[in-house]
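Structural characterization, general
Here is how the chains run, residue by residue.
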Amino acid sequence: MPELPDVAGFQKCLDSTSLRRRIAHITVSDERILKGCSGRTLSRRLEGAKIKSTLRHGKWLFARMSNEGWFVMHFGMTGSLSFYKGDEEPPKHTRVAIDFDDGNHLAYVSMRMLGRVDTTDDIERYLQEHRIGPDALSDEVTADRFIEALSGYRGDAKSALMDQSIFSGVGNIYSDEILYHVGLHPKTKVADLSDKRLRELYKAMRSVLKTASQRGGDVMGMRSWLLPHRAKGQRCPRCETELQTMKSAGRTAWLCPKCQRKN
């Protein structure tokens, strides 16, 4: 599932290929991907305009249009962006195709139709309406604010990291990575963590997300991380203990039972 680092990669793709190109035509192949707007509204808002700049907020990507307003993208479980040229065929599962007047194209791809394409005139209001918390890497998310936001939280650590209404950007995969870095079991209750451990969790969250974002989410070569080893029969890169899975927050969590003991 695309999480904050992956969306940072999509943002780099869009910035490097599609800024300041004029949009000639919008094709929506399946309007189920549209949430809050129709295909006609999307075309009316985007056709004839250019993408001036982009903003990433957690797992969300916003494109600022030259005629004001924002093009909104959320990538669900299997979404991505793909730039293709001229007469090339659009990628499989393209749901929204943007044709530029120079003959190039940008595709919003979503195999399982769990993403979201929309428009808005006000990002802050949009985030509030959809109960999306602060971006996990924003400057406003300090260690003190992190601790304050989790004060009184009754769930476990993995659930807290994945709760988009608290902080936006961390999903199933990177919550596993963050917990592995700090040596916490996914089922550890947040209420049982001291301020010192919460600060460690905060630092791990920021470090993991920053490093992964710099690589556009492509961290499979980082053999000291958990992520490249999340597969049956794989072993912990620290202690060689076989990794285990368990259900946490309704998702499959990967962990090292030795490095992440449950208290």
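In this report, we go over the structure that sits alongside the text. Within every chain, residues take consecutive numbers counted from 1 along the sequence as written. Per-residue local features of the predicted model are confined to residues with pLDDT of at least 70, and side-chain atom pairs are confined, for both listing and counting, to 80 or more; whole-chain, interface and lining totals are unaffected and use all residues. To obtain the side-chain values, all non-hydrogen atoms of the structure were included, while hydrogens and water were left out.

Turning our eyes to something else, we now look at the pattern of salt bridges. Salt bridge, as applied in this entry: a Lys or Arg side-chain nitrogen positioned within 4 Å of an Asp or Glu carboxyl oxygen. Applying the stated criterion across every chain, the model contains 13 salt bridges. Of the charged contacts, one joins aspartate 121 and arginine 45 as a salt bridge, the two residues approaching to 2.6 Å between their closest N and O atoms. Within this pair, whereas aspartate 121 is found in the loop between β8 (116-120) and α3 (123-129), its partner arginine 45 is found in helix α2 (residues 39-46), the two being separated by 76 residues in sequence. For each residue, the accessible area found with a 1.4 Å probe, counting protein chains only, is set against the maximum for its type, and the residue is called buried under 20%, exposed over 50%, and partly exposed in between. Assessed through its relative accessible area of 55%, aspartate 121 is described here as exposed. For aspartate 144, the salt bridge identified is with arginine 199, shortest N-O distance 2.7 Å. Within this pair, whereas aspartate 144 is found in helix α4 (residues 143-150), its partner arginine 199 is found in helix α7 (residues 195-214), the two being separated by 55 residues in sequence. Arginine 199 sits in the partly exposed class, given a relative accessible area of 35%. The secondary structure listing takes helices from DSSP runs of H or I that are at least 4 residues long and strands from runs of E that are at least 2 residues long, numbered from the N terminus.

Here we come to empty space enclosed by the protein. Here a cavity means grid points, on a 1 Å grid over the protein atoms only, where a 1.4 Å probe fits yet cannot get out; a pocket means an open set of points with protein on both sides within 12 Å along at least five of seven lines; lining residues are those with an atom within 4 Å of a point. Grid points are joined across faces, edges and corners, and a volume is the space filled by probe spheres set on the points. Counting across every chain of the model gives one cavity of 30 Å³ or more. Of the volumes computed, that of the largest cavity is approximately 40 Å³. In terms of lining residues, the largest cavity is bounded by Phe146, Leu150, Ala160, Leu161, Phe167, Val170 and Met205. At the level of elements, α4 and α5 (157-162) are the ones that each hand at least two residues to the lining of the largest cavity. Amino acid classes used here: Ala, Val, Leu, Ile, Met, Phe, Trp, Tyr, Cys and Pro are nonpolar; Asp, Glu, Lys and Arg are charged; the rest, including Gly, are polar. Per-class residue counts for the lining of the largest cavity are seven nonpolar, no polar and no charged.

The strands making up a sheet associate through hydrogen bonds between their backbones, and the pairing can be parallel or antiparallel. In this scheme, strands are said to pair when DSSP sees at least two bridges between them. Across the sheet, four strands lie side by side as β2-β3-β4-β8; this open sheet has antiparallel pairing. Either end of the sheet is taken by a strand with one partner, and the two such strands are β2 (51-57) and β8. Going from strand to strand, the sheet's axes swing by 20° on average, the running direction of each strand aside. Relative to β8, strand β4 (residues 70-74) runs antiparallel, the two sharing five bridges. Counterpart to phenylalanine 71 in the pairing with β8 is threonine 119. Note on definitions: a residue-residue contact is assigned when non-hydrogen atoms from the two residues lie within 4.5 Å. Under this scheme, a helix contributes an axis fitted over its contacting stretch, all axes are lines through C-alpha atoms, and angles between N-to-C directions fall in the 0 to 180 degree range. Running over the sheet, helix α1 (residues 4-17) touches β2, β3 (60-65) and β4 and is turned about 175° from β2. Packing against the sheet, α2 makes contact with β3, β4 and β8, and its axis sits at approximately 55° to β8.

Next up on the list: the packing of aromatic side chains. Each pair of aromatic rings taken from Phe, Tyr and Trp, with Trp reduced to its six-membered ring, is defined by centres within 6.5 Å and is described as stacked if the planes are under 30 degrees apart, edge-to-face if over 60, and tilted in the remaining cases. Tallied over the full model, the rule gives six aromatic pairs. On the numbers, 6.1 Å between centres and 90° between planes, the contact of phenylalanine 62 with tyrosine 126 is edge-to-face. Of this pair, phenylalanine 62 sits in strand β3 while tyrosine 126 sits in helix α3; the two residues are 64 residues apart in sequence, bridging distant segments of the chain. Residue classification places tyrosine 126 among the buried positions, given a relative accessible area of 3%. For the pair phenylalanine 146 and tyrosine 202, a centre-to-centre distance of 5.6 Å together with 55° between the ring planes defines the contact as tilted. Of this pair, phenylalanine 146 sits in helix α4 while tyrosine 202 sits in helix α7, and the two are 56 residues apart along the sequence. The pair formed by phenylalanine 146 and tyrosine 202 is uniform in burial state, with each residue classed as buried. Linked through ring pairs, Phe10, Phe75 and Tyr108 together constitute an aromatic cluster. Note on criteria: charge over ring means Lys NZ or Arg CZ within 6 Å of the ring centre, with the direction from the centre no more than 35 degrees off the ring normal. Lying across the ring of tyrosine 180, arginine 238 places its NZ or CZ 4.1 Å from the centre.

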